[in-house]
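Examining the three-dimensional arrangement
Okay, here's what each chain looks like letter by letter:
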Amino acid sequence: MIKDKRNRILISITIVFAITLLTTLITNRFIEDKIETAIKDLPKSIKLDYADVNFNIWTGNLELKFPQLTVLGKTTDKTILNAKLNVIEIKDVSYYDYLVNNEVTIDEIVLDQLVVKYKHNPKVKNDQYSKGILDNLKQIIKVDKIVINNADVLVLNSDTDSTLLSIPTFNFELKGLQINPRASKIEKRIKYVDFNLNAEKVKYAINKFDGLFADSILITNTNATFKDFKIKTKYNKIEYSKILKTERDHFNLKIKELKFQDTEYGLSPDKKVFFKSEKVKIISPEAEIYRDKLVADDTTYKPLYGTMLRDLSFELGLNSVEISNGKISYLEKVNSEKPAGQLGFKDIEATIFNLGNINQNEQTEIKVSSTFMENSALKVNWNFKVADITDHFEFKADLGLFSADQLDQFTKANLNVDLNGELEQTYFTISANKELSRVDLKMKYEDFEVAILKKNRKEKNRFLSNLINLIVSNNSEEQKNKFRYGQDKQVERDVSKSVFNFVWLNVKQGLLTAMTGDGLQKE
């Protein structure tokens with residue numbers, strides 16, 4: 001009796017197990033068939049191939065092995081995207097949320113060893129891509145984690161086939177993603193809790209002339225670090241000058257490390273992209289800027305920094321920017337037979353407060369200390385308000401002991417002038433708007449002499465040199481306080497040139513009035 005009962009229980013268990021196993025197999029196969037049918041029914045512009053598909057009804061896990069996605073352009077019928085993966089894993093799909101709440105809830109999505117090649121059409125606006133995707137979604141989608149492992153990303157220009165973006169090593173993890181196509185405001189349609197992006201050997205085409213490079217990039221929800229960061233002109237100087245129709249700077253900028261700390265970004269209430277950072281650190285930047293003045297002048301209007309910040313297409317707020325151990329070389333070529341003249345700044349330590357257009361009524365202040373031309377101490381204090389539509393700014397500088405012959409390689413090549421003597425101390429203040437300025441300068445110098453060179457830039461033009469030095473006071477000792485003063489209340493800006501040219505025009509006028517005038521301080 002007992003034995004028969006045990007046999008019945010065992011048989012019942014076996015039957016239940018067999019039915020469950022059979023049901024599981026049938027259901028898994030049914031869902032796999034449905035997935036295969038859905039893939040076959042994709043639009044003609046989308047093709048998805050794969051080696052195998054596996055689904056487990058009990059775990060809610062879906063696995064697509066060796067998938068390859070091809071997307072064709074709707075009008076051109078050419079391939080615009082090709083993506084290959086080792087595997088796509090979708091883990092723990094919630095049946096309850098889908099059946100009861102009409103929501104897609106997933107624990108984790110893993111894209112392993114993604115290799116993607118995308119051809120970007122520059123004529124299509126970026127927001128059209130995102131709107132198209134969101135408009136096709138019907139349910140709320142929640143994903144606890146999305147992981148992309150060991151991806152290789154390449155973005156090409158669809159017209160020229162040139163590289164826009166290359167990331168051969170890309171890893172990404174996104175947590176707490178929620179997509180709500182029903183949300184009334186676009187900024188609330190996509191939300192997430194945190195993310196971590198790690199990329200190496202990044203290349204990005206800024207424009208047709210310049211490229212951006214980074215050895216490594218690490219970005220989280222609140223911080224970003226770029227190592228061995230570079231912005232370089234794609235062509236060498238000779239090729240570049242041949243290509244240009246009007247003059248443009250040739251760049252070679254290298255930054256050992258660039259850090260953004262305590263960042264915030266998103267969409268503002270007026271639907272503008274915003275980016276904020278409490279502190280930006282620029283560590284050991286080196287910049288070489290070359291300008292070939294033999295190329296035709298660019299006579300277009302050059303706005304000052306206040307206008308440029310006001311007119312940004314996005315909202316920017318950098319509370320403080322710290323630059324340490326910097327170096328800048330500016331080279332200018334005005335004679336085809338001579339090498340470019342060079343101005344150099346090293347040991348640059350700088351702090352910029354309130355850089356951006358978010359707090360426009362607060363002062364933007366730039367403080368710089370550096371070494372000019374190898375051994376002369378230079379300090380600069382520069383401030384302006386972005387909200388001021390007149391672009392008023394104040395620029396103060398203090399230059400220590402300076403030997404004028406350090407400028408020979410620049411002034412001889414570019415100005416046909418040979419300077420000799422020492423500037424012991426030079427102070428100047430520039431108060432300016434976008435058109436006019438006033439400069440007040442005081443200087444202490446000794447045995448200063450100006451030599452005008454002949455066309456060969458080797459021999460001295462004695463007549464002109466003697467004439468100039470009759471006008472120029474060769475020292476400041478005749479003044480009791482040993483300073484000579486210069487002033488010009490109406491320095492006119494060349495609006496086709498940058499703010500630094502404006503500063504130079506003021507310095508030049510201050511020096512001329514100090515050396516050729518009576519040297520007395522004026523109100």
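Residues numbered from 1 in each chain as written. Predicted model: local features only at pLDDT ≥ 70, side-chain atom pairs only at ≥ 80, totals over all residues. Heavy atoms only, no water.

A few words on the overall build of the protein. Looking only at helices and strands, the protein features 8 helices and 25 strands. In the protein, buried positions account for 38% of the 523 residues. Considering only contacts in the protein between residues 6 or more positions apart, those separated by 24 or more positions represent 60%. Accessible area for the protein stands at about 30,900 Å²; split by element, carbon and sulfur atoms hold 55% of it. (Helix = DSSP H or I, 4+ residues; strand = E, 2+ residues; numbered from the N terminus. Buried < 20%, exposed > 50% of the residue type's maximum accessible area, 1.4 Å probe, protein only. Contact = heavy atoms within 4.5 Å. Areas by Shrake-Rupley, 256 points an atom, 1.4 Å probe, with all protein chains shown as cover.)

We now examine the confidence of the model for the protein. Per-residue confidence for the protein gives a mean pLDDT of 83; residues scoring 70 or more make up 77%. When pLDDT is averaged over each element of the protein, strand 14 (residues 224-233) comes out on top at 98 and helix 7 (residues 462-471) at the bottom at 43. Segment residues 459-472: pLDDT under 50, and 24 contacts once partners within four positions in sequence are set aside and those in other chains are kept. (pLDDT = per-residue confidence, 0-100.)

Another aspect to go through is helix 8 (residues 499-516). Structurally, the α-helix is built with 3.6 residues per turn, so residues lying three or four positions apart point the same way. Helix length check: helix 8 (18 residues) gives 26 Å between terminal C-alpha atoms against 26 Å at 1.5 Å per residue, within 8%. Buried residues of helix 8: V499, F502, V503, L505, N506, V507, G510, A514 and M515, and no others. (Expected span 1.5 Å × (residues − 1).)

Our next topic: the packing of aromatic side chains. Evaluated as defined, the whole model comprises 20 aromatic pairs. Measuring from ring centre to ring centre gives 5.9 Å for F226 and F229, while their planes differ by 80°; the resulting arrangement is edge-to-face. Judged by its relative accessible area of 15%, F226 is buried. Ring centres 6.3 Å apart and planes at 55° place the aromatic pair W382 and F384 in the tilted group. The buried category is assigned to F384, whose relative accessible area is 7%. Chaining the aromatic ring pairs together yields one cluster made of F170, F172, Y192, F195, F226, F229, F260, Y265 and F275. Directly above the aromatic system of Y290 lies the positively charged group of K237, at a separation of 5.5 Å from the ring centroid. A cation over an aromatic ring shows up here: R493 above the ring of Y301, its NZ or CZ 5.6 Å from the ring centre. (Phe/Tyr/Trp six-rings, centres within 6.5 Å; stacked < 30°, edge-to-face > 60°. Lys NZ or Arg CZ within 6 Å of the ring centre and 35° of its normal.)

Before going further, it helps to spend a moment on the pairing of strand 7 (residues 103-112). For a regular strand, the rule is simple: side chains alternate between the two faces of the sheet. A large share of strand 7 lies buried, amounting to 8 of its 10 residues. Both strand 6 (residues 87-93) and strand 7 contribute to a ladder of 6 bridges, which runs antiparallel. Paired with K91 across the strands is E108, a residue of strand 7. For strand 7 and strand 9 (residues 140-157), the ladder comprises 9 bridges, and the chain directions are parallel. When the sheet's bridge partners are listed, L111 is paired in strand 9 with I148. (Pairing = 2+ DSSP bridges.)

Attention now moves to the pattern of salt bridges. On inspection of all chains with the given rule, the structure shows 20 salt bridges. Of the charged contacts in the structure, one is a salt bridge between E103 and K142, with a shortest N-O distance of 3.5 Å. You can see E103 sitting in strand 7 and its partner K142 sitting in strand 9, a full 39 residues away along the chain. With a relative accessible area of 14%, E103 lands in the buried category. Of the charged contacts, one joins E374 and K346 as a salt bridge, the two residues approaching to 3.3 Å between their closest N and O atoms. Of the two residues, E374 is situated in the loop between strand 19 (363-372) and strand 20 (376-385) and K346 in strand 18 (residues 341-356); the sequence distance between them amounts to 28 residues. Residue K346 is classed as partly exposed on the basis of its relative accessible area of 28%. Among the ionic contacts, a cluster of salt bridges with common partners joins E247, D249, R291 and K293. (Salt bridge = Lys/Arg side-chain N within 4 Å of Asp/Glu carboxyl O.)

Right, let's get into unusual backbone geometry. One non-glycine residue, D161, lies in the positive phi region at around 65°. Here D161 shows up in the loop between strand 9 and strand 10 (163-179). Using a relative accessible area of 45% as the deciding quantity, one classes D161 as partly exposed. At D228, a position not held by glycine, the phi torsion is positive, near 50°.

Taken together, the side chains of L267, V273 and F314 present a nonpolar region at the surface, about 220 Å² in accessible area. Its place among the elements puts V273 in strand 16 (residues 273-292). Given the relative accessible area of 47%, V273 is considered partly exposed. (Patch = residues over 30% accessible without salt bridge, like charges linked within 9 Å, V, L, I, M, F, W, Y side chains within 5 Å.)

Turning to the nonpolar core, a few remarks are in order. One finds F170, L258, W382, F393, F395 and I430 to be the most contacted residues of the largest nonpolar core, which totals 83 residues. Residues contacting L258, with those up to four places away along its chain left out, are A224, T225, F226, F229, V280, K281 and I282. (Core = buried A, V, L, I, M, F, W, Y, C linked by side-chain atoms within 4.5 Å.)

Only one face of strand 2 (residues 52-56) is covered, namely the one carrying V53 and F55; the face carrying D52, N54 and N56 has none of its residues buried. Pairing analysis gives 5 bridges linking strand 2 to strand 3 (residues 61-65), with the strands arranged antiparallel. Looking across to strand 3, one finds that F55 is bridged to L62.

So, on to the environment of T246. The topology assignment puts T246 in the loop between helix 4 (237-243) and strand 15 (250-267). Looking at T246, the relative accessible area reads 32%, which means it is partly exposed. Counting along the chain gives 53 residues from T246 to T299, while the straight-line C-alpha distance between them is 8.6 Å. Not counting the four nearest positions on each side in its chain, T246 is found in contact with V295, A296, D297 and D298.

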